[in-house]
Amino acid sequence: MNIENNIIYSDIAFNEHKTFWEKHIEKCTDLQVFSKSDIDPQLIVLFSQSFELDESAASFILKVCKNENITIYIYMLTVYNILMYKYRGASIIAVGSPFYNNTAQKENTNSILPIVSEINPNDAFKQLLNQIKVNVLSAYNYQDFPVLNVLKKNRVDSYADLLDTVISINDIHLNASFSGIPLNINIAVNENKITVNFTEQQAIGIDVKKMAEHFCCLINSTVNNLNAAISELEYITKDEQQTILKSFNKSRKTFDTKKTILDLFREQVISNPDAIAVRDGSAEISFKELDQLSDRVAAILIRDYSVKQGDAITLMMDKGKSMCIAILGIFKTKATYVPLDVNWPSKRLKFIIEDCASKLTVVDNNSYQKVQEFGVKTCNVQGNYEVNPF
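For clarity, every value in this text was computed on a predicted model and none was experimentally measured.

## Description of the pattern of salt bridges
Close approach of charged atoms lets side chains of opposite charge pair.
Then, number 1: Inspection of every chain in the model, using the stated rule, returns eleven salt bridges.
Then, number 2: Arg279 is the salt-bridge partner of Glu284, the closest N and O atoms lying 2.9 Å from each other.
Then, number 3: For Glu284, a relative accessible area of 43% gives the class partly exposed.
Then, number 4: Ionic pairing is found between Lys359 and Asp311, a salt bridge with its closest N-O pair at 3.3 Å. Of this pair, Lys359 sits in the loop between helix 12 (346-355) and strand 13 (360-363) while Asp311 sits in the loop between helix 10 (287-305) and strand 11 (312-316); the two residues are 48 residues apart in sequence, bridging distant segments of the chain.
Then, number 5: For Lys359, a relative accessible area of 28% corresponds to the partly exposed category.

What follows is the structure in structure tokens.
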């Protein structure tokens, strides 16, 4: 026989209860919780808001609960678990569930039971619904065992160290004050109406009003969507969606139309000379270095190939730092470059070179041999600027 908090267990029952809670709590290593302010002994309510689900959502949930043999409480607990997963990105979520208010209630037992669930974003909402149903029923099956004793053996002194939220439902759960738990969510069902109340009793470093809105949106996202993957369920509001899609994507920038690409590049050389301009694998080139290297290319083109303003220069190079240097070098001669791809058919390459009356084809080490078959004048810029510094 074993006695825990005035409850008498047989050895088998004691070990069974104890093992269940040890395994249940074991999952909570490194559990993420909201940051909390110092506990106010008077439990002053910082924020409280109630919202009623719209008629279609409430009707759907009531129907699902009846067909799937689950309670509204389990449905709401599942939604909240998903919301916390999306907020935190952590797969293990623990939520407080009050002691079941039955006639066999004993003294000195738990006021709160930690319901620990594991979220797989690829699972369907319906799968998680049934998983949490099992978790809740199992926890209530062992609700008389003093869970705090197990918590303390895991160096958790109180529920407040493990939980930041308690979810309860009217007329079913023990009506008690949950000291130290900052966020209380209460669900009330009246005929076909479902009302949810969020009460913040400690500052948790998050906008609880916005959280309530997200909770409501996530509930609506599950309506007629039981088989949707958890990752597909949306919780952000329509206004937030518009902000993300429109405001955050306002990437347009007005440039002075009188300025050339070279003008804009030179502004960066002056204002951010040491900033990285080109990153090619492990190689990096600053704006200052890019300016100097492209100056070398321009000097080669003008001095050795008589390139001048208006000339068409075909460019066949691999994408990378050498191509960037070559393009800027051609710009600095005031010539025009025509891009070619070494993988294009030879007939097409030859046609473009002839059609644009190319004065010169700028190549790199990789494309040099390819161009030789066309019998055109070439300049291996890569070899020139790397081997012959000016």
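## Let's talk about helix 2 (residues 55-68)
Then, number 1: Over its 14 residues, helix 2 runs 20 Å from end to end, which matches the ideal 20 Å to within 8%, given 1.5 Å per residue.
Then, number 2: The set of residues buried in helix 2 consists of Ala57, Ala58, Phe60, Ile61, Val64 and Cys65. Angularly, the buried residues of helix 2 cover 165° about the axis, an arc narrow enough to put them on a single face. Turned more than 90 degrees away from the buried face of helix 2, the exposed residues are Glu55, Ser56, Lys63, Lys66 and Asn67.

## Quick notes on the sheet that holds strand 14 (residues 378-380)
As a general point, the strands of a sheet are linked pairwise by backbone hydrogen bonds and lie either parallel or antiparallel.
Then, number 1: Strand order across the open sheet formed by four strands is 12-11-13-14, with parallel pairing between neighbours. The sheet is open, and its two edges are formed by strand 12 (336-340) and strand 14, each paired on a single side. For this sheet, the mean inter-axis angle between neighbouring strands, taken without regard to orientation, is 30°.
Then, number 2: As judged from the five bridges shared by strand 11 and strand 12, these two strands associate in the parallel manner. Bridging across to strand 12, Met316 finds its partner in Leu340.
Then, number 3: In this fold helix 10 packs onto strand 13 and strand 14, with an angle of close to 145° to the strand it touches most, strand 14.
Then, number 4: Seen against the sheet, helix 12 touches strand 11, strand 12 and strand 13 and runs at an angle of roughly 170° to strand 12.

## Things to note about the nonpolar core
Then, number 1: Counting residues in hydrophobic clusters, the biggest one holds 73 residues, and the most contacted among them are Tyr75, Met76, Phe198 and Phe215.
Then, number 2: Among the elements that make up this core, the one with the highest residue count is helix 3 (residues 72-88) (twelve residues).
Then, number 3: The residues contacting Phe215, other than those within four sequence positions of it, are Phe51, Met76, Val79, Tyr80, Leu83, Val196 and Phe198.
Then, number 4: Listed in part, the 27 residues of the second largest apolar core include Leu262, Ile327, Ile330 and Cys379.

## Some details on a nonpolar patch on the surface
Then, number 1: Together, Ile244, Leu245 and Phe248 make up a nonpolar patch on the protein surface, roughly 340 Å² of accessible area in all.
Then, number 2: Structurally, Ile244 can be placed in helix 8 (residues 238-247).
Then, number 3: Ile244 gets classed as partly exposed once you look at its relative accessible area, which sits at 37%.

## Observations concerning the packing of helix 3 against helix 4 (residues 125-141)
Geometrically, a packed helix pair is captured by the angle between its two axes and the distance between the axes.
Then, number 1: Running from N to C, helix 3 and helix 4 point in directions that differ by 115°, and their axes come no closer than 9 Å. On the basis of the axis angle, helix 3 is roughly perpendicular to helix 4. The way helix 3 lies across helix 4 gives a crossing that is right-handed. Note on element contacts: helix 4 touches helix 3 through Phe125, Leu128, Leu129, Ile132, Lys133 and Val136, opposite Ile74, Tyr75, Leu77, Thr78, Val79, Asn81 and Ile82.
Then, number 2: Along the lines of polarity and charge, the residues of the contact of helix 3 with helix 4 split into ten nonpolar, two polar and one charged.

## A word on the confidence of the model for the protein
Then, number 1: Per-residue pLDDT for the protein has a mean of 83; in total, 84% of the residues score no lower than 70.
Then, number 2: In this model residues 1-8 is a low-confidence stretch, pLDDT under 50, and it forms 23 contacts with partners more than four residues away in sequence or in other chains.
Then, number 3: Below pLDDT 50 for its whole length, residues 103-108 participates in seven contacts with residues either more than four positions away or in separate chains.

## Examining the pairing of strand 11
Regular strands place their side chains on alternate faces of the sheet.
Then, number 1: Where burial is concerned, most of strand 11 is hidden: five out of the five residues are buried.
Then, number 2: Here strand 11 shows two buried faces, one formed by Ala312, Thr314 and Met316 and the other by Ile313 and Leu315.
Then, number 3: In this fold, the crossover linking strand 11 to strand 12 by way of helix 11 (residues 321-332) has right-handed handedness.
Then, number 4: Pairing between strand 11 and strand 13: four bridges, direction parallel. Bridge pairing in strand 13 links Thr314 to Thr361.

## So, the packing of aromatic side chains
Then, number 1: All chains considered together, the criterion is met by ten aromatic pairs.
Then, number 2: Residues Tyr75 and Phe125 carry aromatic rings whose centres are separated by 5.3 Å and whose planes lie at 65° to one another, so their mutual orientation is edge-to-face. Separated by 50 residues along the polypeptide, Tyr75 in helix 3 and Phe125 in helix 4 bring together distant segments of the chain.
Then, number 3: Judged by its relative accessible area of 0%, Phe125 falls in the buried class.
Then, number 4: Seen in terms of ring centroids, Phe265 and Phe287 are 6.2 Å apart; in terms of plane orientation they differ by 45°. Their pairing is tilted. Here the residue Phe265 occupies a position in helix 9 (residues 261-271), and Phe287 occupies one in helix 10, the gap between them amounting to 22 residues.

Here is what the cut-offs are and how they apply
- Residues numbered from 1 in each chain as written.
- Predicted model: local features only at pLDDT ≥ 70, side-chain atom pairs only at ≥ 80, totals over all residues.
- Heavy atoms only, no water.
- Salt bridge = Lys/Arg side-chain N within 4 Å of Asp/Glu carboxyl O.
- Buried < 20%, exposed > 50% of the residue type's maximum accessible area, 1.4 Å probe, protein only.
- Helix = DSSP H or I, 4+ residues; strand = E, 2+ residues; numbered from the N terminus.
- Expected span 1.5 Å × (residues − 1).
- Arc of directions from axis to C-beta.
- Pairing = 2+ DSSP bridges.
- Axes fitted to C-alpha atoms, helices over the stretch in contact; angles between N-to-C directions.
- Contact = heavy atoms within 4.5 Å.
- Core = buried A, V, L, I, M, F, W, Y, C linked by side-chain atoms within 4.5 Å.
- Patch = residues over 30% accessible without salt bridge, like charges linked within 9 Å, V, L, I, M, F, W, Y side chains within 5 Å.
- Areas by Shrake-Rupley, 256 points an atom, 1.4 Å probe, with all protein chains shown as cover.
- Parallel < 35°, antiparallel > 145°, perpendicular 65-115°, else oblique.
- Left-handed = near helix turned anticlockwise from the far one by under 90°.
- Nonpolar A, V, L, I, M, F, W, Y, C, P; charged D, E, K, R; others polar.
- pLDDT = per-residue confidence, 0-100.
- Right-handed = clockwise from strand over helix to strand, strands pointing away.
- Phe/Tyr/Trp six-rings, centres within 6.5 Å; stacked < 30°, edge-to-face > 60°.

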